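Inside the fold
Residues per chain are reported as follows:
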Amino acid sequence: MLKTRIITALILAPIAIGGIFFLPPMGFALFTGAIITAGAWEWANMSGIESPAGRIAYALVTAALLYGLLNVSFVAVLWLALVWWFVGFLLVRSYPSGSDKWGSVPARAVMGLFVLVPAWVGLNHLRTGGFQFGDSTSNLLLILYVFCVVWVADIGAYFAGRAFGKAKLAPRVSPGKSWAGVWGGLVAVGIFALVVSTLASAGTGETLLLVAASLATGLVSVLGDLLESMLKRFRGIKDSSQLLPGHGGIMDRIDSLTAAIPVFALIITQLGWLITGHW
């Protein structure tokens, strides 16, 4: 299994790096759209759509929605995403008693659209928008930053959870997660934000706001992970798919990012660090 994971990572890493950091904006939109469409194919299964034709149809509908949003206000979609993740928090908090309200196949399919579509919109807003923080104006570094916030939160949570993780965060959804892991991840994110602010020569006010924005992003990334875990537990599956040998599915790799990206993009837009750009 370890060998398989390593081989898969070695193949996918250059593809991901090239697609995210070396493509022009429209190429970036197509590349990330393909990833989201593949994630939609997996979500169809988590929704209870078992037939291959049904899963492909769901993925194509998702792709069509992405295309239809090319000229729609990104910020409006991001506000909708913020509302959705508040609803998602309520769903995770009430599980399993509240599953009768969303357990039907159509309801779970709609949930997938609220998860996947705003993530793509937020990512492309980060890519095309006019950005300024401290002395940094690089959209590519901005995208790398939000990725790193999620990764740092995961790493901090792992070590803090192993050392102090007795109180479980959501045992009915994801028994392995603990409150200590959450706090450890947030501490790591806060330190990371301070380091980045220093490197960007940001002022005190900007630094404090970046720390706050990063902590909110790290916190909501946990919710993204929990929501997908809830759907898989309800569906009775371990992984979203086997598309990535040794790693499960695409959704298993991007679940936290689907929540973190639109929330982070909305926050820094409201702070005035990111303005809507053009293709």
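Residues numbered from 1 in each chain as written. Predicted model: local features only at pLDDT ≥ 70, side-chain atom pairs only at ≥ 80, totals over all residues. Heavy atoms only, no water.

What to know about the overall build of the chain
When helices and strands are counted, the chain shows 9 helices and 4 strands. The N-to-C order of helical and strand elements in the chain reads α-α-α-α-α-β-α-β-β-α-α-α-β. Its C-alpha atoms put the chain at 50 × 45 × 40 Å along the principal axes. Residue burial in the chain is summarised as follows: out of 279 residues, 51% are buried. Long-range contacts, defined as pairs at least 24 residues apart, comprise 76% of the intrachain contacts of the chain with a sequence gap of at least 6. For the chain, the accessible area works out to roughly 13100 Å², and carbon and sulfur atoms hold 72% of it. For the chain, the separation between the mean place of its 17 positive charges and that of its 11 negative charges on side chains is 8 Å. (Helix = DSSP H or I, 4+ residues; strand = E, 2+ residues; numbered from the N terminus. Buried < 20%, exposed > 50% of the residue type's maximum accessible area, 1.4 Å probe, protein only. Contact = heavy atoms within 4.5 Å. Areas by Shrake-Rupley, 256 points an atom, 1.4 Å probe, with all protein chains shown as cover. Lys, Arg positive; Asp, Glu negative; His and termini not counted. Charge placed at Lys NZ, Arg CZ, Asp CG, Glu CD.)

A short note on the packing of aromatic side chains
Following the criterion strictly, the structure yields 9 aromatic pairs and no others. Ring geometry for Trp102 versus Phe234: centroids 4.9 Å apart, planes at 55°, classification tilted. Taken together, the positions of Trp102 in the loop between helix 4 (74-94) and helix 5 (105-128) and Phe234 in helix 8 (residues 204-235) put the pair 132 residues apart, joining distant regions of the chain. Note on Trp102: relative accessible area 3%, which makes it buried. (Phe/Tyr/Trp six-rings, centres within 6.5 Å; stacked < 30°, edge-to-face > 60°.)

A closer look at the UniProt feature "transmembrane region" (unreviewed entry) in the chain
The positions UniProt marks with the feature "transmembrane region" (unreviewed entry) are residues 76-93, 105-123, 143-161, 182-202, 208-227 and 257-276. The span residues 76-93 carries 100% helix and 0% strand; its end-to-end C-alpha distance comes to 26 Å. Within residues 143-161, the helical portion is 100% and the strand portion 0%, while the C-alpha atoms at the span's ends are 27 Å from each other. (UniProt positions renumbered as here; feature names shortened; annotations may be inferred.)

Quick word on a nonpolar patch on the surface
Residues Val83, Phe86, Val87, Phe89 and Leu90 make up a contiguous nonpolar surface patch of about 440 Å² in total accessible area. Position of Val87 relative to the elements: it lies in helix 4. (Patch = residues over 30% accessible without salt bridge, like charges linked within 9 Å, V, L, I, M, F, W, Y side chains within 5 Å. Salt bridge = Lys/Arg side-chain N within 4 Å of Asp/Glu carboxyl O.)

Structural notes on the pattern of salt bridges
It is possible for side chains of opposite charge to pair when their charged atoms get near one another. Within this structure, the stated rule accounts for 5 salt bridges. Across the pair Lys232 and Glu228 runs a salt bridge whose closest N-O atoms are separated by 3.8 Å. Residue Lys232 and its partner Glu228 are located together in helix 8, separated by 4 residues, close to a single helical turn. Each member of the pair, Lys232 as well as Glu228, carries the same accessibility label: buried. Linking Lys232 and Asp252 is a salt bridge whose minimum nitrogen-to-oxygen distance equals 2.8 Å. Here Lys232, found in helix 8, pairs with Asp252, found in helix 9 (residues 250-270); they are 20 residues apart in sequence, far enough to count as distant. Each of Glu228, Lys232 and Asp252 takes part in a single network of salt bridges with overlapping partners.

Thoughts on the nonpolar core
When a protein is soluble and globular, its nonpolar side chains tend to lie buried together. Core analysis: the largest hydrophobic core is formed by 78 residues, its most contacted members being Trp43, Trp85, Met111, Leu126, Leu227 and Met230. For this core, the leading source of residues is helix 9, giving 12 residues. If near-sequence neighbours (up to four positions away) are discounted, Met111 is found in contact with Trp43, Trp84, Leu91, Trp102, Leu227, Met230 and Leu231. (Core = buried A, V, L, I, M, F, W, Y, C linked by side-chain atoms within 4.5 Å.)

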